[in-house]
Amino acid sequence: MTKNTLTDIRIVLPETRQLDQLTTMLEKEQATVIRCPLVAILDNPDTAPVESWLQKFIAAPPHLFIIMTGEGLRRLVGFAQRLDLQKAFIATVADTSKLVRGPKPVIALREIGLEPDIRAAAPTTDGIIETLTRMDIENHQIGIQLYGQEPNEKLMDYLNSRQVDPQPVAPYVYASEADDAQVLKLIHDLQNGQVDVLAFTSASQFKRLRKVAQANNLENQMVENLNKIKVAAVGPVMAQELIDAGVQVHIQPAEKFFMKPLVNRIVESFNTRG
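Residues numbered from 1 in each chain as written. Predicted model: local features only at pLDDT ≥ 70, side-chain atom pairs only at ≥ 80, totals over all residues. Heavy atoms only, no water.

What to know about the sheet that holds strand 5 (residues 97-100)
Okay, so step 1: Strand order in the open sheet formed by 5 strands is 6-5-4-7-8, with parallel pairing between adjacent strands. On the outer flanks of this sheet lie strand 6 (118-119) and strand 8 (165-169), each paired with one strand and no other.
Okay, so step 2: Pairing geometry for strand 7 (residues 141-145) and strand 8, over 5 bridges, is parallel. When the bridges of strand 8 are listed, Gln141 appears paired with Asp165. (Pairing = 2+ DSSP bridges. Helix = DSSP H or I, 4+ residues; strand = E, 2+ residues; numbered from the N terminus.)

Observations concerning the pairing of strand 5
Okay, so step 1: Note: strand 4 (residues 64-67) against strand 5, 4 bridges, orientation parallel. Within strand 5, the residue paired with Ile67 across the bridge is Val100.
Okay, so step 2: When strand 5 meets strand 6, the two strands line up parallel, connected through 2 bridges. Residue Leu99 lies in a different strand from strand 6, and its bridge partner there is Ile118.
Okay, so step 3: Crossover connection from strand 5 via helix 5 (residues 103-111) to parallel strand 6: handedness right-handed. (Right-handed = clockwise from strand over helix to strand, strands pointing away.)

Description of the environment of Gly78
Okay, so step 1: Note that Gly78 resides in helix 3 (residues 70-82).
Okay, so step 2: Take Gly78: its relative accessible area is 13%, and that puts it in the buried class.
Okay, so step 3: Taking the C-alpha atoms as reference points, Gly78 and Val263, 185 residues apart in sequence, are found 30 Å from one another. (Buried < 20%, exposed > 50% of the residue type's maximum accessible area, 1.4 Å probe, protein only.)

Set out below in structure tokens:
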């Protein structure tokens, strides 16, 4: 008889931003959830460039605004609020053509009463570039909310090749939340067979895990043990990060790369248990 729940399945969540939401969804399926947030997201402590970008965005709006992450848009709204520019910023975003990288920026836009104008062909930098190839952007100014502090040189090089004036902003940074002891415990739990599923929702989580493993000469062991369990990735970018490190990805949504489809795929992966 097919089971439709995750009874007796131990799932580790390194998620931080939507940890409670993801935990609740999995616990409804009877999973045993082990919380192990690996990174935290903070406002960029170098506030001056962000504030300057916001003021310029409002005073001289770009032709196009590329929104890479929902977190980034929310952080920009927060910065604008502290500058008493929230209404002006949202009004400018409303009047500016908006290209979103994936579903999370759509959710963040809806939180401020807006909708995207253009959705990337895929929720990746390549997907954004593919979309831009079909647009007339020569000699345009394009605002870009970056993913963390990564400069995204691939996108910048493409925009420069199209004679675009890119205007990037990095409103948030990643910071370590778990100390090394917590991360090492997770690595040892993998070794001791105490994990059935490890669900990654951002590349920064795996980078943190890998960094601690490398520092303790445990990377090969960690990869070997990850390949003994079911590894879940929220989307293709996360999956590629794992694959590049030699980790097999067993669970990934076919489309709509966010929390609910990820949970659905985890459930489906265990539906054949007797």
